[in-house]
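Below, each chain spelled out in residue letters.
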Amino acid sequence: MKLYNYFRSGTSFRVRIALNLKGLDYDYVSVHLAKGEQHGAAYRAISPDGLVPVLDVQGQPDEALLSQSMAIIEYLDETHPEPPLLPRDPLGRARVRALAQTIACEIHPINNLRILKYLAAPLGLDEAQRTAWYNHWVMEGLRAYERRLQDLAEERARRGLPPSVYSYGDHPTLADCCLVPQIVNGRRFGLEYEGIPLTLAVYERCMQLDAFQRAHPSRCPDAE
């Protein structure tokens, strides 16, 4: 498999984590977003929308170019089911997807690189204003994530179960694949996380695992 990605891309980071958790080997292909490589004709032939990541699964049982990180991760989970990134039961899957989509749908789309560039030009926001925008929407989403974790913790306590080790249960899930890159990227923007202790505890536990450490942007071949 080949993964077309960028070291600072949070969506690429998600897929790297999932591949590592599954123990899957892949070739790292850098698409430098800051240099505009995603707009070139060669990459547009691979990714019509000019986005990362793209997973090339040619040579696998299926042969395709897969886009959109959430779709890629669920594909990996269905084709390589161990260890699972989604619970077996429908309720558990819905809850993990809700946590993951709090990051992937409510935070990331309004804070990624192309949005921040649009805020700069043509809208004319300066760096401080763009950072304020970024920090506001990240914390809005992470506070919602924290409330979800609190609700799940209370439910487990009522059922006499110990607290979850990760976002949902005792094993990393799709939710953790989304959460960790968001925390890492926020710190790059100087975001000080306050009032989300459960969320940060999950992040710290994830970062003790080799699969998350190896996926970190600082460990990527194109890291600057």
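Residues numbered from 1 in each chain as written. Predicted model: local features only at pLDDT ≥ 70, side-chain atom pairs only at ≥ 80, totals over all residues. Heavy atoms only, no water.

**Student:** I keep staring at the overall build of the chain and nothing clicks. Help me out?
**Tutor:** Counting its regular elements, the chain contains 9 helices and 4 strands. Secondary structure elements of the chain occur, N-terminal to C-terminal, as β-α-β-α-β-β-α-α-α-α-α-α-α. Over its C-alpha trace the chain gives a radius of gyration of 18 Å, about what one expects of a compact globule, namely 17 Å for 224 residues. Principal axes of the C-alpha set define a box for the chain whose edges measure 55 × 50 × 25 Å. A burial count over the chain gives 46% of its 224 residues as buried. Surface accessibility of the chain: about 11,200 Å² in total, with carbon and sulfur atoms responsible for 52%. Across the chain, the 25 positively charged side chains and the 28 negatively charged ones have centroids separated by 2 Å. (Helix = DSSP H or I, 4+ residues; strand = E, 2+ residues; numbered from the N terminus. Rg over C-alpha atoms; globule rule 2.2 N^0.38 Å. Buried < 20%, exposed > 50% of the residue type's maximum accessible area, 1.4 Å probe, protein only. Areas by Shrake-Rupley, 256 points an atom, 1.4 Å probe, with all protein chains shown as cover. Lys, Arg positive; Asp, Glu negative; His and termini not counted. Charge placed at Lys NZ, Arg CZ, Asp CG, Glu CD.)

**Student:** Looking at this model, I keep getting lost on the packing of aromatic side chains. Mind explaining?
**Tutor:** To describe a pair of aromatic rings, one takes the distance between the centres and the angle between the planes. Counted under the stated rule, the structure contains 4 aromatic pairs. On the numbers, 6.2 Å between centres and 70° between planes, the contact of W133 with W137 is edge-to-face. Within this pair, W133 and its partner W137 are both found in helix α6 (residues 127–158), separated by 4 residues, close to a single helical turn. (Phe/Tyr/Trp six-rings, centres within 6.5 Å; stacked < 30°, edge-to-face > 60°.)

**Student:** Explanation requested: helix α3 (residues 69–79) in the structure shown.
**Tutor:** An α-helix turns once per 3.6 residues; consequently, residues spaced three or four apart project the same way. Within the sequence span of α3, burial applies to S69, M70, I72, I73, Y75, L76 and D77. Close packing links the buried residues of α3 with α1 (10–22), β3 (54–56), β4 (65–67), α4 (90–104) and α7 (174–188). (Contact = heavy atoms within 4.5 Å.)

**Student:** Can you help me understand the domain arrangement of the chain in this one?
**Tutor:** In terms of domains, the chain is made up of domain 1 (2–82) and domain 2 (90–215). Distance from the C-alpha centre of domain 1 to the C-alpha centre of domain 2: 21 Å. Contacts between domain 1 and domain 2 engage 16 residues on the former and 22 residues on the latter. With both sides pooled, the region where domain 1 packs onto domain 2 buries about 1,700 Å², and carbon together with sulfur makes up 67% of that total. The tally of links between domain 1 and domain 2 comes to 1 salt bridge. R97 is the salt-bridge partner of E74, the closest N and O atoms lying 3.0 Å from each other. (Domains from an automatic or database assignment. Buried area = accessible area lost by both parts, 1.4 Å probe. Salt bridge = Lys/Arg side-chain N within 4 Å of Asp/Glu carboxyl O.)

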